[in-house]
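Observations on the three-dimensional arrangement
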Amino acid sequence: MANIKFVKEDQEIIAADGANLREKALQNKIDLYTFKGKLMNCGGYGQCGTCIVEVVEGMENLSPRTEVEQRKLKKKPESYRLACQALVNGPVSVKTKP
């Protein structure tokens, strides 16, 4: 089991190993998107790049960055991930809308 802590929201949820970070956030009513992201949301396919989160702790417990993430986040810090592309395999703390 993996604990996902959303720092800004002060909320912690429990997910099965291998759970998709974006799906778990949405299931628990965690808002990942800015206004622009709400308008341009691709539905979790990594095409829009609007579900960016900053990993505060537990980067080693997420799946490696995908090719889509490498392209979308090439000018962003290494701690940034697309929630739709990240699979959770252990405890992790993230900040939404960094």
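The model shown is predicted, which means the values in this text are computed figures rather than measured ones. (Residues numbered from 1 in each chain as written. Predicted model: local features only at pLDDT ≥ 70, side-chain atom pairs only at ≥ 80, totals over all residues. Heavy atoms only, no water.)

1. Here's the deal with the side chain of E69
Inspection of the secondary structure puts E69 in helix α3 (residues 67–72). At a separation of 2.9 Å, a polar atom in the side chain of E69 contacts the main-chain amide nitrogen of L82. Apart from residues lying up to four places away in sequence, E69 is in contact with P64, K74, R81, L82 and Q85. (Helix = DSSP H or I, 4+ residues; strand = E, 2+ residues; numbered from the N terminus. Polar contact = N/O pair within 3.5 Å; in protein donor to acceptor, adjacent residues only side chain to side chain. Contact = heavy atoms within 4.5 Å.)

2. Topic: the pattern of salt bridges
Inspection of every chain in the model, using the stated rule, returns three salt bridges. Between D31 and K38 there is a salt bridge, with its nearest N and O atoms 2.9 Å apart. When its relative accessible area of 48% is taken as the criterion, K38 is described as partly exposed. In this structure, R81 and E69 form a salt bridge, with 2.7 Å as the shortest nitrogen-oxygen distance. Taken as a pair, R81 in strand β5 (residues 80–82) and E69 in helix α3 lie far apart in primary sequence, 12 residues in all. Overlapping salt bridges bring together D31, K38 and K97 as one network. (Salt bridge = Lys/Arg side-chain N within 4 Å of Asp/Glu carboxyl O. Buried < 20%, exposed > 50% of the residue type's maximum accessible area, 1.4 Å probe, protein only.)

3. Some details on a nonpolar patch on the surface
A cluster of nonpolar side chains, F35, L39 and M40, forms an exposed patch at the surface whose accessible area comes to about 380 Å². Mapped onto the secondary structure, M40 falls in helix α2 (residues 35–40). (Patch = residues over 30% accessible without salt bridge, like charges linked within 9 Å, V, L, I, M, F, W, Y side chains within 5 Å. Areas by Shrake-Rupley, 256 points an atom, 1.4 Å probe, with all protein chains shown as cover.)

4. Notes on a positive patch on the surface
A cluster of basic residues, R71, K72, K74 and K75, forms a positive patch on the protein surface. As for its position among the elements, R71 is in helix α3. Among the residues examined, R71 registers a relative accessible area of 54% and is labelled exposed. (Lys, Arg positive; Asp, Glu negative; His and termini not counted. Charge placed at Lys NZ, Arg CZ, Asp CG, Glu CD.)

Shape descriptors only; they carry no functional weight alone.
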